[in-house]
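The chain contents come next:
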Amino acid sequence: MLGRAQVEQLSAVREALLAELGGNTARLRFINTRLILSIGVDLFTTTLTEATDPNLAKKAFETLNQMGLLLPKKEVRRGK
Amino acid sequence: MASEVVCAHSGRSDTAEALVDLRQQLSSIDAVVVLFFCSSNHDGVALQTSLKADFPAAEVIGCTTGGEFTHVAYTAGGVVALALSRAKVHRAAAALAQYDQAQSVEQAVRDATSSVARKLQVDLRELAPEDWVGVILNEGLNGNEEEVNAVLGLVAPFLSFLGGSAGDNFKIQETAVFYDGIRSTNGSVFLLMNVAVPYAILKTCSFEPTSTQLRIDRVEGRVVYEIDGKPAIDAYAEAVGVKPDELTQMVFTANPIGLMIDGEPWVRSPIALTPDGGVVFGCRVLKGSQLNLLRSTGLVPDTKAALERGSAQLGSQPSVALLFNCAHRCMEIKVKDLETEFCEAISHFPVAGFHSYGESYLAHMNQTLIALLLK
């Protein structure tokens, strides 16, 4: 996958997550820091290239699912 | 009048004698939580069970250290205890994960955190992070901290758990955590607190990024084998500006690398070389990540500034702070003869803490001071 396409995918994940978090950007940043530290994925990145791991967006989505976030239907869980 | 917080200390090496000291200092508090940090020469189980007997309604957790301190004491060989009353913590629960007895680290952490949630009758994902904060004490020599923190992120993604890895007075033989009368040399204790007052978390490392960047190309566990397409030892030595055979512990300590997030370095410290050309780090470095070589700023002024930032964040001087200070920083304090200055820097309000074999906050890291400040 081209880097630019994956940046767009990560951006879409970020926007979906922000929406699920009710627009709470502090909480979005907190979760993003967790992702950077645990799986090396930054939802705010703009610098991916063709050489970048093509599975970053998939990894991010899967990890967020394991956190109970961005789950399909109404299984969504979020902190108050 | 009952105390709201007590930071107790004993420099005695005999556990029974140390307990006499601690009990005297703790007599004025009705504790909800007691954390103790002791030399590896102490009988930690005796400390845990005795303190639990004194405070049957409290959660009592502890670990061994690379040295322990309060705002008025700085020792290696003693014990410190931090006790918090209901004025600071509404309620709390703790649990022990033992990695040598479970199917996996992940399962052990999941079981322990489920136990904490059951005791408190809460759903960890639903708790307001403004009202809840966790402490984690990890055993310090088996290298499980990354996975422990990652699993915590999955089971309680919005909550902060901060802490440190137990030490053993720099013997590098065996470290331990204590809970419920159990001594675990391969486990973690988790404590979750429903705080009654605002809190702040500090992370400071006394390093700043240089413009030299390193791309991590091949990693196995905590060993990096390839950086920027070159053998890791050669690439790291070149970045630092020394020959590979000049890479000593002093060079490592002065030249860690950092993962930069929002302008702040998350420190990864080289600690050794392997015969097959790898550089061993004190915590895992992810393949494909881009890190900056770091340079030292000033441990004491940075510590002071960080604690001042914490006070500013709380809007007033904290009533107490829990500090996890890296053992590498302890060595730097010793080598540079900074003990008096460091002690002065942490003397402005009650603190209790220890020198740790790695620090935890969202992830495992090195050469860092992590602090929990309570208003």
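Fair warning: this is a prediction, and the values are worked out from it, not measured in the lab.

### Digging into the overall build of chain A
Next up, step 1: When helices and strands are tallied, chain A shows 3 helices and 0 strands.
Next up, step 2: Considering chain A as a whole, with its 80 residues, one finds that 29% of them fall into the buried category.
Next up, step 3: Counting contacts in chain A only where the partners sit at least 6 residues apart, residues at least 24 apart contribute 65% of the total.

### Side note on the overall build of chain B
Next up, step 1: Assigned secondary structure in chain B consists of 9 helices and 26 strands.
Next up, step 2: Taking contacts inside chain B between residues at least 6 apart in sequence as the whole, the part at least 24 apart equals 80%.

### Some thoughts on the environment of C283 of chain B
Residue and element names in this part refer to chain B.
Next up, step 1: Structurally, the position occupied by C283 is in the loop between β20 (279–281) and β21 (290–296).
Next up, step 2: Distance in space between the C-alpha atoms of C283 and N144 is 9.6 Å, their sequence separation being 139 residues.
Next up, step 3: Setting aside residues up to four positions removed in sequence, C283 forms contacts with E145, E146, R222, R268, G358, H364, M365 and N366.

### Details of the nonpolar core
Residue and element names in this part refer to chain B.
Next up, step 1: Grouped together as the largest cluster of nonpolar side chains are 137 residues, with contacts concentrated most on V33, V34, F36, A81, A83, F190 and L191.
Next up, step 2: Counting residues per element, this core draws most heavily on strand β2 (residues 31–38), which supplies 8 residues.
Next up, step 3: Summarising the domain contributions, this core has at least three residues from each of domain 1 (5–203 + 301–374) and domain 2 (208–296).

### A word on the sheet that holds strand β24 (residues 359–361) of chain B
By definition, the strands of a sheet pair up through backbone hydrogen bonds, in either a parallel or an antiparallel sense.
All names here are of chain B.
Next up, step 1: Spatial strand order, β7-β12-β8-β9-β24-β25: 6 strands in an open sheet with mixed pairing. Looking at which strands have only one partner, the edges of the open sheet turn out to be β7 (89–98) and β25 (364–365).
Next up, step 2: Of the strand pairs in this sheet, strand β8 (residues 132–138) and strand β12 (residues 187–195) are connected by 7 bridges, and their pairing is antiparallel. If you follow N138 over to β12, its bridge partner there is S188.
Next up, step 3: Along the sheet, helix α3 (residues 105–120) contacts β7 and β12; its crossing angle with β7, the most-contacted strand, is approximately 155°.

### As for the confidence of the model for chain A
Next up, step 1: Chain-level pLDDT for chain A is 86 on average; 81% of the residues reach the 70-or-more range.
Next up, step 2: The secondary-structure element of chain A with the lowest mean pLDDT is helix α1 (residues 3–20) of chain A, recorded at 91, while helix α2 (residues 25–39) of chain A shows the highest, at 96.

### Observations regarding the domain arrangement of chain B
Residues and elements named next belong to chain B.
Next up, step 1: Considered domain by domain, chain B is made up of domain 1 (5–203 + 301–374) and domain 2 (208–296).
Next up, step 2: The gap between the C-alpha centroids of domain 1 and domain 2 is 28 Å.
Next up, step 3: Secondary structure elements with two or more residues in the side of domain 1 that touches domain 2: α4 (145–155), α8 (327–335) and β25.
Next up, step 4: Sorting elements by how many residues they give to the side of domain 1 that touches domain 2 places α8 first, with 3 residues.
Next up, step 5: Partitioning the side of domain 1 that touches domain 2 into residue classes produces 3 nonpolar, 7 polar and 3 charged.

### Thoughts on the interface of chain A and chain B
Next up, step 1: Residue-level contacts link 17 residues of chain A with 17 residues of chain B.
Next up, step 2: When residues of the side of chain A that touches chain B are assigned to their parent elements, the largest contribution, 8 residues, is made by α2 of chain A.

### Concerning the pairing of strand β15 (residues 223–227) of chain B
Residue and element names in this part refer to chain B.
Next up, step 1: As paired elements, strand β14 (residues 207–220) and β15 share 4 bridges and run antiparallel to each other. Across the sheet, residue I216 finds its bridge partner in β15, namely I227.
Next up, step 2: The antiparallel pairing of β14 with β15 creates a hairpin that spans 2 residues between the two strands, and G221 there sits at a positive phi of about 60°.
Next up, step 3: As judged from the 2 bridges shared by β15 and β20, these two strands associate in the antiparallel manner. Along β20, the bridge assignment pairs V223 with V280.
Next up, step 4: With antiparallel pairing between neighbouring strands as the criterion, β15 and strand β16 (residues 230–231) make up a hairpin whose turn holds 2 residues, including D228 at a positive phi of roughly 50°.

### Topic: the sheet that holds strand β11 (residues 182–184) of chain B
Residue and element names in this part refer to chain B.
Next up, step 1: With mixed pairing, 6 strands are arranged side by side in an open sheet as β1-β6-β2-β3-β10-β11. Sheet topology places β1 (5–10) and β11 at the edges, where each strand pairs with a single neighbour. This sheet shows a mean twist of 15° between the axes of neighbouring strands, independent of strand direction.
Next up, step 2: Of the pairings in the sheet, the one linking strand β10 (residues 177–179) to β11 comprises 3 bridges and is antiparallel in character. Of the residues in β11, the one forming a bridge with Y179 is I182.
Next up, step 3: Contacts from helix α1 (residues 15–26) reach β1 and β6 (79–85) within the one sheet, and its direction differs from that of β1 by about 160°.
Next up, step 4: Strands in contact with helix α2 (residues 44–54) are β2, β3 (59–64), β6, β10 and β11; relative to β3, the strand with the most contacts, it is inclined by about 160°.

### Digging into the confidence of the model for chain B
Next up, step 1: Averaged over every residue, the pLDDT of chain B is 97; the share at 70 or more is 100%.
Next up, step 2: Taken over the whole predicted complex, pTM reads 0.95, whereas the ipTM for its chain interfaces reads 0.93.

Rules behind the numbers
- Residues numbered from 1 in each chain as written.
- Chains lettered and ligands numbered in written order.
- Predicted model: local features only at pLDDT ≥ 70, side-chain atom pairs only at ≥ 80, totals over all residues.
- Helix = DSSP H or I, 4+ residues; strand = E, 2+ residues; numbered from the N terminus.
- Buried ≥ 20, exposed ≤ 12 C-beta atoms within 10 Å, placed from the backbone.
- Contact = placed C-beta atoms within 7 Å.
- Core = buried A, V, L, I, M, F, W, Y, C linked by C-beta atoms within 7 Å.
- Domains from an automatic or database assignment.
- Pairing = 2+ DSSP bridges.
- Axes fitted to C-alpha atoms, helices over the stretch in contact; angles between N-to-C directions.
- pLDDT = per-residue confidence, 0-100.
- Nonpolar A, V, L, I, M, F, W, Y, C, P; charged D, E, K, R; others polar.

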